Amino acid sequence: MSLNRFRFGTGAALAVAMTFAGGAAVAQQTAPQQAQPQMQQPEIDPVSDAEIEQFVAANGALTEIAEEATPKLQAAEDQEAAQAIEAEAQADMIAAIKAEGLTAQRFTQIVQLAQVDAELATKIRTEMNS
């Protein structure tokens, strides 16, 4: 019996080191949140050009991991199996982020900052498209 409710969508990179409720692709999530003008910029160190390159490379790896995990999660026979798949994907994602020279915390900080900093979001999108 397949439990399709255990899906890896495109959104959990926001919580790479914390929850993994969704998936990995951050590309769509780097646009600043314009619907919430009161949102304050988080207290996060500025992002260097080198970190943008690392972030984009890590995000690509996370997308691949999520794409591989999605059919496995959709085919999971029970919650325990789905949790094991998610745990493996989480470990792979953290390793991929570290392999690019970032910590999971810094990756998440960059995502958060890109949501409220239009200039950073533009730089990330430009790097993703180059």
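Placed above this text is the structure.
Residues numbered from 1 in each chain as written. Predicted model: local features only at pLDDT ≥ 70, side-chain atom pairs only at ≥ 80, totals over all residues. Heavy atoms only, no water.

Before we move on, can you summarise a negative patch on the surface with the specific residues and values?
There is a patch of like negative charges on the surface, built from Glu64, Glu67, Glu68, Glu88 and Asp92. Counting residues per element, the ones that place at least two in the negative patch are helix H1 (49-74) and helix H2 (79-99). At 3 residues, the largest contribution of residues to the negative patch is made by H1. Mapped onto the elements of the fold, Glu88 is located in helix H2. The class of Glu88 is partly exposed, set by a relative accessible area of 48%. (Patch = residues over 30% accessible without salt bridge, like charges linked within 9 Å, V, L, I, M, F, W, Y side chains within 5 Å. Areas by Shrake-Rupley, 256 points an atom, 1.4 Å probe, with all protein chains shown as cover. Salt bridge = Lys/Arg side-chain N within 4 Å of Asp/Glu carboxyl O. Lys, Arg positive; Asp, Glu negative; His and termini not counted. Charge placed at Lys NZ, Arg CZ, Asp CG, Glu CD. Helix = DSSP H or I, 4+ residues; strand = E, 2+ residues; numbered from the N terminus. Buried < 20%, exposed > 50% of the residue type's maximum accessible area, 1.4 Å probe, protein only.)

I'd love a proper account of the nonpolar core, names of residues and values included.
Counting residues in hydrophobic clusters, the biggest one holds 26 residues, and the most contacted among them are Phe55, Phe107, Leu120 and Ile124. Contributing elements (two or more residues each) for this core: H1, H2, helix H3 (104-116) and helix H4 (118-129). The dominant element in this core, judged by the number of residues it contributes, is H1, at 9 residues. (Core = buried A, V, L, I, M, F, W, Y, C linked by side-chain atoms within 4.5 Å.)

Distances and angles like these do not, on their own, reveal function.
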